[in-house]
Amino acid sequence: MAETLLMPTLGLTMTEGTVDQWYKEVGDTISKGEAVVSISSEKLTHDVESPIDGVLLSIVVENGGEAVCQGIIGYVGAEGEEVPTEEVMIEEVTENKEEKTIDSTAPIAQSVTRTEGERIFATPLARKIATDKGYDLADITGSGGNGRITRRDVDRHIPQIKTVGSSPVVTGEGLDGMRKVIAQRMHQSLQQSAQLTLHRKANITNLLAFRKDLKAKAGDNLSRSALSINTLLIKAVSLALKDKPEMNASYNGVEHMTHESVHMGVAVAVDDGLVVPVVKDVDTKSLSQIGADFVAVTSQAIDGTLSGESYSGSTFTITNLGSAGIEYFTPILNTPELGILGVGGTSSKLVFNDEKEIVEISELPLSLTFDHQVIDGSPAAEFLAQIVYYLENPYLLVV
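What counts as what
- Residues numbered from 1 in each chain as written.
- Predicted model: local features only at pLDDT ≥ 70, side-chain atom pairs only at ≥ 80, totals over all residues.
- Heavy atoms only, no water.
- Phe/Tyr/Trp six-rings, centres within 6.5 Å; stacked < 30°, edge-to-face > 60°.
- Helix = DSSP H or I, 4+ residues; strand = E, 2+ residues; numbered from the N terminus.
- Buried < 20%, exposed > 50% of the residue type's maximum accessible area, 1.4 Å probe, protein only.
- Pairing = 2+ DSSP bridges.
- Core = buried A, V, L, I, M, F, W, Y, C linked by side-chain atoms within 4.5 Å.
- Contact = heavy atoms within 4.5 Å.

## Quick look at the packing of aromatic side chains
Summed over all chains, the structure comprises three aromatic pairs. Note on Phe316 and Phe383: the rings are 5.7 Å apart at their centroids and 65 degrees apart in plane angle, and the pair reads as edge-to-face. Of this pair, Phe316 sits in strand β16 (residues 316-320) while Phe383 sits in helix α8 (residues 377-392), placing them 67 residues apart in sequence. Taken individually, Phe316 and Phe383 each receive the classification buried, so the pair is uniform in this respect. Here the aromatic rings of Tyr389 and Tyr390 are separated by 5.6 Å at their centres, their planes lie at 65 degrees, and the arrangement is edge-to-face. In this structure Tyr390 comes out as buried when scored by relative accessible area, which is 10%.

## So, the pairing of strand β18 (residues 347-352)
By the bridge criterion, six bridges tie β18 to strand β19 (residues 358-371) in an arrangement that is antiparallel. If you follow Val351 over to β19, its bridge partner there is Val359. Counting the residues in the hairpin turn of β18 and β19 gives five residues, including Lys356, whose phi is positive at 65 degrees.

## Remarks on the nonpolar core
Counting 63 residues, the largest nonpolar core has Ile73, Phe316, Leu341, Leu366 and Leu391 as its most contacted members. With near-sequence residues (within four places) excluded, Ile73 lies in contact with Leu5, Leu6, Met7, Val19, Trp22, Val37, Ile39, Val48, Ile59, Val60, Val61 and Ala67. Counting residues in each nonpolar core, the second largest holds eight residues, with Ile129, Ala130, Ile140 and Ile149 among its members.

## Concerning the sheet that holds strand β8 (residues 72-77)
Strand order across the open sheet formed by four strands is β1-β8-β6-β3, with antiparallel pairing between neighbours. Since the sheet does not close on itself, it has two edges, and those belong to β1 (3-6) and β3 (29-30), each with one partner. In terms of strand pairing, strand β6 (residues 54-59) meets β8 through four bridges, oriented antiparallel. Across the sheet, the residue bridging to Ser58 is Tyr75, located in β8.

Laid out in structure tokens, this is it:
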């Protein structure tokens, strides 16, 4: 069966990309892992590699053309193998865009005003569901090609109360480029979820002592990245997610799914934007492995060399503003994930210990935003307490 070449997602704010140059022509032989085409977004460039040995069967998007993220740009397979018809290709592109919900940056479908007699493009399934729900297709914005309305657009549609003299508000109006996309992405997150943030501090005095002790005992056998605060946080959060699996889940307004593996998204600031590379399978990795992977994905994300698949699949996200001197803040969910942890800057204070002696402790402020549609305040607080428990008992991170 022919394999698809897809437009990768290179960052949190990317919704579509441009095909810069096809390195192969239709009929050319291709090896698995060989670069077939170069694509670009507003900030990054990337080579798309062939998933199999074979030949280039079809070019769906020519040089200079654009495609939505996860949209089909070509096919590879065995010589002489048939590829889907143009109509099927359009349907597959639409479905791929629909399924791009974890790292999706496209704005949520909103009510739209159409001129009388304007043709409305919609899939047959979308028309049926809209009819069953009593929705007017003219009020639904399509996310497919040529404004085509898909099943997901109908599922996400929220009927609006129409008032005389009201004017439609376009999210991001007045903004340009990446900032407009970020505005739409953040607005979408807030529209799709009921977000609530809990704050508390973790006493990391023992954690800092643990780092110092391990460095002294392991010496050069342990890399610096294995004991960074970010690495230790990722490990603590992954353990808490395994203890409280209801937080390692996603909800897109249609489907609620709990995930077995823990894939940690890490927010990274780049020039004029924000990306969220993913450290995969952190629940099965040691501190050394997590540290090495964290350094690799974040540095490549900043350089613009990280592969597209490394931006997708996260089940929970961490964002750290401690270096900016921020204490508490309210992070916005990376929907459809149910939780995101904001990390502030470490501070010190004097307290009385159990013997009524004055001692200095170090504290780390944490801000947990969660989707109250799915998670109540009490279990969210228990999850945050579990993170604090692992940070305050650091030797559990290496058990």
